[in-house]
Amino acid sequence: MQNDASNAQQRHQQNARIAAGHDQLQKVAGYMAKHMIGGLPRNYELVHEALNGHHPALARGLAALGQRPSQHDLDQLGLKHRLLGHCGIAEDRLQADATGLLDKLGEHVSLGILHKQTFARALETILKSIREDEGRGVGDLIAELDFLNGATSDLLHSETELGLKLKSGLQQIEAAKRAVETAKAATEKDRLTGLPNRLSFMKRLEDLYGHDVPPSGHALLLVDIDDFRSINQQFGEEAGNRLLQRLATIFRKTIKKNDVVARIDGDDFAFLFSDVAAEDAHAIAERLHAAVENNLVFATEHGSTHGGLGLSIGFALTHDADEPMQLLFHAEAALNTARANPRAPIAGYPPERGRPAGRHVA
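For every chain, the first residue of its written sequence is number 1, and the numbers climb from 1 along that sequence. In keeping with the model being predicted, local features are shown solely for residues with a pLDDT of at least 70 and side-chain atom pairs are shown and tallied solely at 80 or more, while totals for entire chains, interfaces and linings include all residues. Values shown for side chains rest on all heavy atoms present in the structure; no hydrogens or waters enter the calculation.

## Topic: the overall build of the protein
Here is step 1 of the chain: A tally of helices and strands in the protein yields 11 helices and 7 strands.
Here is step 2 of the chain: Relative accessibility decides the category of a residue: with a 1.4 Å probe and only protein chains considered, values under 20% of the type maximum give buried, values over 50% give exposed, and everything between is partly exposed. Among the 362 residues that make up the protein, the fraction classed as buried is 38%.
Here is step 3 of the chain: Restricting to contacts in the protein with at least 6 residues of sequence separation, those with at least 24 account for 68%.
Here is step 4 of the chain: For the protein, the computed accessible surface area is about 20900 Å², with 53% contributed by carbon and sulfur atoms. The way it works is that DSSP assigns letters per residue, a run of H or I at least four long becomes a helix, a run of E at least two long becomes a strand, and they are numbered from the N terminus. Whether two residues are in contact is decided by their heavy atoms, any of which lying within 4.5 Å being enough. The Shrake-Rupley method, run with a 1.4 Å probe sphere, supplies the accessible areas, and residue values consider only the shown protein chains as cover.

Written out as structure tokens, the structure is:
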């Protein structure tokens, strides 16, 4: 009976999430149609983040654009708030600009080479003329030397201009390189908390499995805030954002330097721990849970008391998974188990992996 109730609760939660996701998509599509916003993927991302991403500043910026905003204004807004799609567009543009600059520098160098070749041919012609016609007058020789002097001055001027253009171009290329690196870094960072985002975290998992020998001694932990939507409804989205920022700070201080924490979704965080044995994973999860309980409280509706933040934590180990997505699926399965039982908010994969007998906190 207890298992049936638990399964029914899980199905109810899953159906509720599906319905919520459908409502969000309809809300985004309706807003874009009403304001005549083009159906580009990056525009969907921008409107979704503004309406559903707990980002009041972005929502205000989008509302300020009014009816039928230009694509340029939408892109500038997306860049300002470092949305992934728009940062990717910026990176592509910067790379295109750098390529165009290199083409122009190539043209300048080619022109400089042409000037040198022209000067060399003129010099050869004069020398040949002098050798073949020893009887020419001094006036003719002076005229040829004057011509050679003018050609030399033109060549020096051309060389000076080429040097300046190359120096300026190299400076612009270096600036473009830094801008590309900045844009690339922005695509891998969560703008609200400053933590790595889902894209960055998935790259880390891919790198972990990108060797001939399967990884071992690593643990993936997923942390979810219990009923975060009701917290936003009760205290407001700005308070919810401050809560996420404070939570990110606690997590950063709780883990070791070589371990990784990322915000991979609205109220979901992911951790990757190295040099962790099977018996350590549960102890690490307990430590994270305790750190939040001891360091983060928020005001209740009446303001006179404080409530602790509920967390659910699921973990999985690399030696149970052959690829990154399998490891992630295992951790998500464990997280769903933890969500379904508030009295046991920490669960591992496989389900039979209970609390370890030893306690070795990493």
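## Section: helix H3 (residues 56-64)
Here is step 1 of the chain: The complete set of buried residues in H3 reads Pro56, Leu58, Gly61 and Leu62.
Here is step 2 of the chain: Of the residues trailing H3, Gly66 is marked for its positive phi of about 75°.

## Some remarks on the pattern of salt bridges
Two side chains that carry opposite charge are able to pair once their charged atoms sit near each other.
Here is step 1 of the chain: Whenever Lys or Arg places a side-chain nitrogen within 4 Å of a carboxyl oxygen from Asp or Glu, that contact is recorded as a salt bridge. Within this structure, the stated rule accounts for 5 salt bridges.
Here is step 2 of the chain: When the shortest N-O distance is used, the salt bridge between Arg60 and Glu238 registers 3.6 Å. Here the residue Arg60 occupies a position in helix H3, and Glu238 occupies one in helix H9 (residues 237-254), the gap between them amounting to 178 residues.
Here is step 3 of the chain: For Glu238, a relative accessible area of 43% gives the class partly exposed.

## Description of the packing of aromatic side chains
Here is step 1 of the chain: To pair, rings of Phe, Tyr and Trp, with the six-membered ring standing in for Trp, must have centres within 6.5 Å; the planes then decide the type, stacked if under 30 degrees apart, edge-to-face if over 60, and tilted in the middle. Throughout the structure, instances matching the rule amount to 3 aromatic pairs.
Here is step 2 of the chain: With centroids separated by 4.9 Å and ring planes inclined at 85°, the aromatic side chains of Phe251 and Phe271 adopt a geometry described as edge-to-face. One end of the pair, Phe251, is in helix H9; the other, Phe271, is in strand S3 (residues 268-274), and 20 residues separate them in sequence. Like Phe271, Phe251 is buried.
Here is step 3 of the chain: Residues Phe271 and Phe273 carry aromatic rings whose centres are separated by 5.8 Å and whose planes lie at 5° to one another, so their mutual orientation is stacked.

## Description of the nonpolar core
Here is step 1 of the chain: The criterion is simple. A nonpolar core is a set of buried Ala, Val, Leu, Ile, Met, Phe, Trp, Tyr and Cys residues joined through side-chain atoms within 4.5 Å. Residues Leu221, Phe251, Phe269, Phe271, Leu288 and Leu309 are the most contacted members of the largest nonpolar core, which totals 33 residues.
Here is step 2 of the chain: Of all elements in the fold, only strand S1 (218-225), helix H8 (228-235), H9, S3, helix H10 (281-295) and strand S6 (311-317) reach the threshold of two or more residues within this core.
Here is step 3 of the chain: Beyond its immediate stretch of four places on either side in the chain, Phe251 contacts Val223, Val261, Phe269, Phe271, Leu288, Val292 and Leu311.
Here is step 4 of the chain: Core analysis: the second largest hydrophobic core is formed by 18 residues, Phe201, Met202, Ile264 and Leu272 among them.

## With respect to the packing of helix H2 (residues 41-52) against helix H4 (residues 71-80)
Describing two packed helices takes the angle between their axes plus the distance from one axis to the other.
Here is step 1 of the chain: Two elements in contact, H2 and H4, have axes whose closest approach is 10 Å; the angle formed by their N-to-C orientations is 60°. Between H2 and H4, the interaxial angle falls into the category oblique. For the element pair H2 and H4, the recorded crossing hand is left-handed. Between H2 and H4, the residues in contact are Arg42, Asn43 and Leu46 and Gln71, Leu74, Asp75, Leu77 and Gly78, respectively.
Here is step 2 of the chain: Taken together, the residues of the contact of H2 with H4 sort by class into 3 nonpolar, 3 polar and 2 charged. All axes are obtained by fitting lines to C-alpha atoms, using only the stretch in contact for helices, and the reported angles, taken between N-to-C directions, cover 0 to 180 degrees. Roughly parallel here means an angle under 35 degrees, roughly antiparallel means over 145, roughly perpendicular means 65 to 115, and every remaining angle is called oblique. Should the near helix be turned anticlockwise from the far one by less than a right angle, the crossing is left-handed, and should it be turned clockwise, the crossing is right-handed. Three residue categories are used. Nonpolar comprises Ala, Val, Leu, Ile, Met, Phe, Trp, Tyr, Cys and Pro, charged comprises Asp, Glu, Lys and Arg, and polar comprises the others, including Gly.

## What about H10?
Here is step 1 of the chain: To estimate how far a helix should extend, the number of its residues minus one is multiplied by 1.5 Å. The terminal C-alpha atoms of H10, which comprises 15 residues, lie 21 Å apart, in line with the 21 Å expected from a rise of 1.5 Å per residue.
Here is step 2 of the chain: Turning to H10, its buried residues number three or more, namely Ala281, His282, Ala283, Ile284, Ala285, Glu286, Leu288, His289, Ala291 and Val292.
Here is step 3 of the chain: Tucked into the core, H10 has its buried residues touching S1, H9, S3, S6 and strand S7 (346-348).

## Quick notes on the environment of Glu188
Here is step 1 of the chain: Residue position: Glu188 is located in the loop between helix H6 (138-187) and helix H7 (198-208).
Here is step 2 of the chain: Sequence separation between Glu188 and Ala262 is 74 residues; the distance between their C-alpha atoms is 9.9 Å.
Here is step 3 of the chain: In contact with Glu188, not counting residues within four places along its chain, are Leu195, Pro196, Asn197, Leu199, Ser200 and Lys203.
Here is step 4 of the chain: A 3.5 Å cut-off defines polar contacts: any pair of N or O atoms within that distance qualifies, except that in protein one atom must be a possible hydrogen donor and the other a possible acceptor, and neighbouring residues in sequence count only when both atoms are side-chain atoms. Reaching out from Glu188, the side chain makes a polar contact with the side chain of Lys203 at a distance of 2.5 Å.

## Looking at the sheet that holds S6
Here is step 1 of the chain: With mixed pairing, 5 strands are arranged side by side in an open sheet as S2-S3-S1-S6-S7. A single partner strand is all that each edge strand has here, and the edge strands are strand S2 (260-263) and S7. Strand-to-strand twist across the sheet, computed as the mean angle between neighbouring axes with direction ignored, equals 20°.
Here is step 2 of the chain: Where H9 meets the sheet, it contacts S1, S2, S3 and S6, and its direction lies at approximately 5° from that of S3.
Here is step 3 of the chain: In this fold H10 packs onto S1, S3, S6 and S7, with an angle of close to 155° to the strand it touches most, S6. Between any two strands, pairing holds if DSSP finds at least two bridges.

## Points about the confidence of the model for the protein
Here is step 1 of the chain: In the predicted model, the protein carries a mean pLDDT of 78, and the fraction of residues at 70 or more is 76%.
Here is step 2 of the chain: The least confident element of the protein is strand S4 (residues 297-299), whose mean pLDDT is 53; the most confident is S3, at 95.
Here is step 3 of the chain: The predictor rates its confidence in each residue with pLDDT, a number between 0 and 100. Low pLDDT (under 50) marks residues 17-21, which in the prediction has 3 contacts with non-local residues, meaning those over four places away or in another chain.
Here is step 4 of the chain: The low-confidence segment residues 299-306, where pLDDT is below 50, has 13 contacts with residues more than four positions distant or belonging to other chains.

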